[in-house]
Amino acid sequence: MLLLREQPLHIMSKILAKITGVQGYVPEHVVTNQDLEKMVDTNDEWIQSRTGIKERRILKGEGLATSDMGAEMVKGLLKKTNTRPEEIELLICATITGDMVFPDTANTICDKAGIRNAFGYDINAACSGFLYGLITGAKFIESGTHKKVIIVGLDMMSSILDYSDRTTCIIFGDGGGAVLLEPTEDGTGVQDQILKSDGSGRDFLHMKAGGSLHPPTAETVANKEHYVFQEGRTVFKHAVKGMASTVQDLMKKNKLTVDDIDWLIPHQANIRIIKSVASACDFPMEKVVVNIEKYGNTTAGTLPLCLWEWEPKFKKGDKILLTAFGGGFTWGTIYLKWGYDTTA
Ligand code: COA
């Protein structure tokens, strides 16, 4: 009888994955709109009014790559959360600018951060990469098989930008962040998600060469096919629609109103996209996290960078929506309850 009575209680306390720490990283070197005015035919007024960006960070230095930024984030995260490197069981790295085509960057980050007992792999979902990584990591925690999982979201966009193309080089920057996921039964953590993809969107946002379709040749290099290509207006429209619809659908699914949500954290692609999403979902801008003016679009890095910067403002139990749209097309929204208060 005792067993029977205890069973329902056990079933009720579901294991969820909660973020127990976040650490961001951006390189020191700042590139302002004024710096870009010297490189391409643009101006500060156009960039700020059309994108909301004032400056972005660029990783500079011989031999430095995405994994070096990732290792800095992860080392900082381990220190901050009092976690020993050997306790980490899995590290997922969301990026489209890995150090090499193969091997993956997750394992290079582990190597550089001294993590020896984990397995890891990369997720390629462009600007939605952190969302895809977070959900994947959460499933390992929820299943009970893993207790300490790190999700890294970052990009070194400067390595795939054509600094003579004013339509792309003004938008992107380098950087990102890492979160530690651990099990909890206190009701906080990742609650629900709607994630989508549509491969027919690949024509509008991609890198033309370097993969198996168009392996690198002298011609692909001469034709500048190893840089970001995008049809900005098309991506803009799909981004607003994709983020707004999944935010609204997820809120409806979880019976949430705008008043219930404490923070909407959108991918930082363009301030006009962010404002359009907020307006379509009736969110006041006071609840919308924005730091695009400082970092530009860091692709898989924007969401963890926002979490890192806003961490001191979050309170345990805060209801947060993370939403993104990116190349693929990939998009979606995650609903989570913040897991801790930050003590200064
Ligand atoms: N400086 C000055 N003028 C520029 C410019 C720049 N950096 N970039 C483009 N222009 C010009 C264009 O050449 C065009 O001139 P034209 O009318 O003489 O042809 C004009 O500005 C308008 O171009 P358009 O592409 O319509 O501008 P836009 O308002 O759509 O803004 C983006 C361009 C790229 C900023 C915008 O479309 C965007 O943010 N798209 C989404 C990008 C994105 O988020 N991608 C990442 C994945 S989520």
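Relevant structure appears above.
Quick caveat: nothing in here was measured; it's all calculated off a predicted structure.

Caption draft 1: Focus on the pairing of strand S13 (residues 330–337). Buried residues dominate S13, accounting for seven of its eight residues. The pairing of strand S8 (residues 189–197) with S13 spans eight bridges and is antiparallel. Bridged to Lys 196 within S13 is Trp 331. Direction of pairing for strand S12 (residues 319–326) relative to S13: antiparallel, over a ladder of eight bridges. When the bridges of S13 are listed, Lys 319 appears paired with Lys 337. What sits between S12 and S13 in their antiparallel hairpin is a turn of three residues, with Gly 328 showing a positive phi close to 145°.

Caption draft 2: Here's a closer look at the sheet that holds strand S11 (residues 263–266). The sheet built from four strands is open, its strands ordered S8-S13-S12-S11 with mixed pairing. For this open sheet the edge positions go to S8 and S11, each flanked by a neighbour on one side alone. When the angles between neighbouring strand axes are averaged without regard to direction, this sheet yields 10°.

Caption draft 3: Main features of the environment of Ser 49. Locating Ser 49 in the fold gives a position in helix H3 (residues 44–51). Residues Ser 49 and Leu 91, 42 residues apart in the sequence, show an inter-C-alpha distance of 38 Å.

Caption draft 4: Molecular detail of the nonpolar core. Ranked by internal contacts, the top residues of the largest apolar core, which has 44 residues, are Met 251, Phe 283 and Leu 321. If one sorts the elements of this core by residue count, helix H8 (residues 232–253) sits on top with eight residues. If we skip the residues at most four places from it in the chain, Phe 283 touches Val 247, Met 251, Val 258, Ile 261, Leu 264, Ala 278, Val 288 and Leu 321. Core analysis: the next-biggest nonpolar cluster, separate from the first, contains 34 residues, Leu 134, Val 179, Val 289 and Ile 320 among them.

Caption draft 5: Here's a closer look at H8. Taking 1.5 Å per residue as the helical rise, H8 with its 22 residues ought to reach 32 Å, and the 31 Å between its terminal C-alpha atoms agrees with that figure. Taken together, the buried positions of H8 are Val 235, Ala 239, Val 240, Gly 242, Met 243, Ala 244, Thr 246, Val 247, Leu 250 and Met 251. Two residues or fewer past H8, Lys 255 is found with a positive phi of approximately 55°.

Caption draft 6: Region of interest: the packing of aromatic side chains. Per the stated rule, a full pass over the model turns up eight aromatic pairs. Centre to centre, the rings of Phe 119 and Tyr 121 are 6.2 Å apart; their planes meet at 35°, and the pair counts as tilted. Residue Phe 119 is classed as partly exposed on the basis of its relative accessible area of 36%. Here the aromatic rings of Trp 263 and Phe 314 are separated by 6.0 Å at their centres, their planes lie at 65°, and the arrangement is edge-to-face. Of the two residues, Trp 263 is situated in strand S11 and Phe 314 in the loop between helix H11 (302–310) and S12; the sequence distance between them amounts to 51 residues. As far as the burial class goes, Trp 263 and Phe 314 line up, both buried. A network of ring pairs unites the aromatic residues Phe 204, Phe 325, Phe 329 and Trp 331 as a single cluster. Stacked on the ring of Phe 229, the Lys or Arg Lys 208 has its end atom at 3.8 Å from the ring centre.

Calculation notes
Residues numbered from 1 in each chain as written. Predicted model: local features only at pLDDT ≥ 70, side-chain atom pairs only at ≥ 80, totals over all residues. Heavy atoms only, no water. Buried < 20%, exposed > 50% of the residue type's maximum accessible area, 1.4 Å probe, protein only. Helix = DSSP H or I, 4+ residues; strand = E, 2+ residues; numbered from the N terminus. Pairing = 2+ DSSP bridges. Axes fitted to C-alpha atoms, helices over the stretch in contact; angles between N-to-C directions. Core = buried A, V, L, I, M, F, W, Y, C linked by side-chain atoms within 4.5 Å. Contact = heavy atoms within 4.5 Å. Expected span 1.5 Å × (residues − 1). Phe/Tyr/Trp six-rings, centres within 6.5 Å; stacked < 30°, edge-to-face > 60°. Lys NZ or Arg CZ within 6 Å of the ring centre and 35° of its normal.

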